[in-house]
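Chain residues, written in single-letter form:
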Amino acid sequence: MQERYDPAAVEAQAQLYWDQQHSFEAKEDDSREKYYCLCMFPYPSGRLHMGHVRNYTIGDVLARFMRMNGRNVLQPMGWDAFGLPAENAAIANGIPPAKWTLDNIAHMKRQLKSLGYGLDWSRELTTCLPAYYRWNQWLFLRMLEKGIAYQKTGVVNWDPEDKTVLANEQVIDGRGWRTGALIEKREIPMYYLKITAYAQDLLDSLQSMPDWPERVRAMQANWIGRSEGLRVGFPHAIGEGGVLHAFTTRADTIMGVTFCAVAAEHPLAVHAANGNPELQSFIEECKRGPAVEAQLATQEKKGMPTGLFLTHPISGAAVPVWVGNYVLMSYGDGAVMGVPAHDERDFEFAKKYALPILQVIDIDGRRYSLDAWQSWYSEHGRCVNSGRYDGLEYEAAVSAVAADLSSKGLGERRTTWRLRDWGISRQRYWGCPIPIVHCKECGAVPVPDDQLPVILPTHLVPDGSGNPLAKDLEFLDVRCPKCGAQARRETDTMDTFVDSSWYFLRFACADNDQAMLDYRVQYWLPVDQYIGGIEHAILHLLYARFWTRFMHDMGAVPFKEPFARLFTQGMVLNEVFFRKPASGRQQYFNPADVLVSVEKSTQRRLAVLRSDGKEVESGGVVTMSKSKNNGVDPQSLVDEFGADTARLFMMFAAPPEQTLEWSDEGVQGAYRFIKRLWKAVYEHVSQGPAAALDKSALTEPQRAIRKQAHQTLAKVTDDLGRRRTFNTAIAAVMELLNALAKFPQASVQDRAVSQEALATAVICLSPIIPHATHALWKGLGHRTALIEEPWPNVDTEALQSSSVRMVVQVNGKLRGHISVAVDASEAVIHDSALSDVNVRKFIGSVGVRKIIIVPGKLVNIVV
RNA sequence: GCCCGAAUGGCGGAACUGGUAGACGCGCCGGACUCAAAAUCCGGUGGUGGUGACACCGUGUGGGUUCGAUUCCCUCUUCGGGCACCA
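Residues numbered from 1 in each chain as written. Chains lettered and ligands numbered in written order. Predicted model: local features only at pLDDT ≥ 70, side-chain atom pairs only at ≥ 80, totals over all residues. Heavy atoms only, no water.

Moving on, we get to unusual backbone geometry. Across the junction of Leu452 and Pro453, the peptide omega takes the value -5°, indicating a cis bond. With respect to the helices and strands, the residue Pro453 is situated in the loop between β22 (443-446) and α13 (473-476). In this structure, Pro526 follows Leu525 across a cis peptide bond, with omega equal to -5°. By secondary structure assignment, the location of Pro526 is in the loop between α16 (520-524) and β26 (529-533). Its identity as a non-glycine residue notwithstanding, Asn811 has a phi of 50°, on the positive side. Given a relative accessible area of 45%, Asn811 falls into the partly exposed group. (Helix = DSSP H or I, 4+ residues; strand = E, 2+ residues; numbered from the N terminus. Buried < 20%, exposed > 50% of the residue type's maximum accessible area, 1.4 Å probe, protein only.)

Here it is as structure tokens:
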């Protein structure tokens, strides 16, 4: 073998071998247990970023590990190729999104290959090609048939200058990102998918998904947000009279209602605004407000009285109606009953507008003060000032109120969900066309299956002024499928989350051009291990679970949950640097181009741009992203040190589930380690072949090394297979190598033990640094390729030892160590611990009160 | 604002089920090799006190449970992720 570690040569050779052997092309084989290992497919933004390298290395380590454990592994890859960035690039450079996207894919595919991932490229899929997206359209039509897809109006961000719809991301401080124009909200017709029809099932199933992280299940459960309460009716004589409905989970506080607040879009608000210009302009202001929930929740709470009154359903008192900018039309009935005494938001609102606050819940006679909100105000307690409900506890009060309201026809128990239906219409070019034709006579007509796919033209170049599809006559002009009259194609495209909601199914049969899915889905699915960033914990994963349920209900797949086991990797973060010009867009600078220093006198951190030496602002440490320009290009690592070093460093830097703040200090250490391993093997084999191991004739140091080798194997097996802490697995192998470096190579059995230990180290690292270990395995004299090697078993005999070292504590503080026989009795351990000089010093003349023994570990003497 | 996480040496992190805090790596310091440097190898490295054995302090803050808490409970702070049209 070569003396010098040459990553470029070693990696090219290993990759060539895998290619020639078709090592990663997965074949269905009923006699073998399958393992479908899937990483979230990338958006082809141009180049791989560190998040990709982290994601795909985790996946590859698991895939290779499971392969060595005998599983028939499928690890596919594809491209989430529709989306906004392609249009932005088109606007900036005048290149059609199709060309930009496909070029990016070609480059990123080369990068993935250079990293040595064991991917089955024969199943590659690309969502922006008709071969894939035709099935989006086909399934959308099935959803229409079942009433799961339907049309209603939705609100979008409208840039009046560019006359275009903007994504939330393109709205900065209420203004369009390109024009700086004030953004308006517009209501337009859109298609929705009825995910709420599955709300209960999506929630319930979370209970029986033990192999999903607890935190992801908690986030999804909260997102679905089931809440049980009462839908209360407030009768009124406004207009032709009627009932205003408001949902509450706190019917026990109903006697504390001093106002009701409705959303700006609510019919009562609209009614009141008629002939009330002041209210009209307030409603307009609310409508201009933010569309994003985070901004909505943090904005100042404002309201205005409508001058209208409702009747309290129990007391009959008059209740004023207000319009509140914090009331969401999309939740419940778009109205809330205001109980300022026991709801923090209502309290704040009532104080601001001098509305009465009436305490109706008491907890242990605590003193209620109107001065400031206290957290106990919203806790469950006993009704007071509530007439016939006085003295009732929460449950009893809610039941009593429910019964009374129900008898009056003014209330019913109701389950409400936070989850809303999924709006999939996008007024954008670079997405999957929604297969609908608009006919003057027939209305919205679904495109018949035999006319699918509706092909997206690929030559258009968006210029920022609206969807180019809407100006493309060749696309627009169409005959109505029903009546044959001149008609117009729908120009909205689908949300890209549609594409990613079923791609994992398609990998089973990506080559089938006759059907969306086929029999192979039954062999490969569900996905055994899904791996992706924690940022997808809710939306993508919930949409995929919903989509799979629909397909299950139409009999297309035999399961409801697509991902048996989920692993969420932490984000890769880096500092953000920017300058904000007096006008125009914020400009971001890559951290590589920024010099950070600390001023000695003031301890102030100073960041300057290398090119002009002038200061830039720091925007904190956040996820690496193209839009914030704080990414680090992993290609530079691969170019300088090779793929194995990049992989090893990424896996060693932090446990995969944890957030990783980028720093490339330590890359050298990873490289150095591979070189040391290489050198250790080289020096070992250059003395000729090692003799066979004779386990019965080992010296104490030889036994010790053997023990450590097998302990390492046991730890790595557990760390890779169960704990998924690749950093500690690597550390264990490093320790083994450190021990081996101090181990003499004098005798024949020394060399035999070394041979075994080195082979163990190489095998243990092979899922992580597959190229170098591929070469080292051959170097160690093996004829077969490492990729075909089964994962070894631990020799439990090697782990045996006769004595054990125990810690001795006095009152929980470490005071000494003892070494006793493994099977020593408690009495022997006592005597041994009490005879330690230092221990005796701390016991002194005080009597021993208690002795606690943790077998094999520790003795604690309590005095 | 709401939901979900996280916080340990100069830095990344380890301590898996409540039982030796700081494994492993980086950096730094000292040494070897070298004309010199790089590379490599050897030794040291939480803080304070002590020549030393060793002692005391120490896991974001404040409290609690326990023989024993980085680990469990409560409080607060800071940071990260998500909030439905970025993907």
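The discussion continues.
A word on the protein's contact with RNA strand B. Of all residues adjacent to RNA strand B, which total 74 residues, the nearest are Asn168, Arg428, Ala653, Arg672 and Asn860. Backbone sugar and phosphate groups make up 61% of those atoms of RNA strand B lying within 4 Å of the protein. Among the elements that line the surface near RNA strand B, the one with the most residues is helix α22 (residues 726-741), at six residues. Looking at side-chain class alone, the surface near RNA strand B contains 30 nonpolar, 21 polar and 23 charged residues. (Near = heavy atom within 4 Å. Nonpolar A, V, L, I, M, F, W, Y, C, P; charged D, E, K, R; others polar.)

Further remarks concern the environment of Gly391. Secondary-structure assignment places Gly391 in the loop between β17 (382-383) and α12 (394-408). Sequence spacing of Gly391 and Arg605 is 214 residues, and the spatial spacing of their C-alpha atoms is 60 Å. Setting aside anything within four residues of it in sequence, one finds Gly391 in contact with Arg382 and Cys383. (Contact = heavy atoms within 4.5 Å.)

A side chain with one charge may pair with a side chain of the opposite charge, provided their charged atoms come close. Enumeration over the complete set of coordinates arrives at 41 salt bridges. Between Arg520 and Asp518 there is a salt bridge, with its nearest N and O atoms 2.8 Å apart. Each of the two residues, Arg520 as well as Asp518, counts as buried. When salt bridges that share partners are traced, they join Asp201, Arg545, Arg549, Lys560 and Glu561 into one network. (Salt bridge = Lys/Arg side-chain N within 4 Å of Asp/Glu carboxyl O.)

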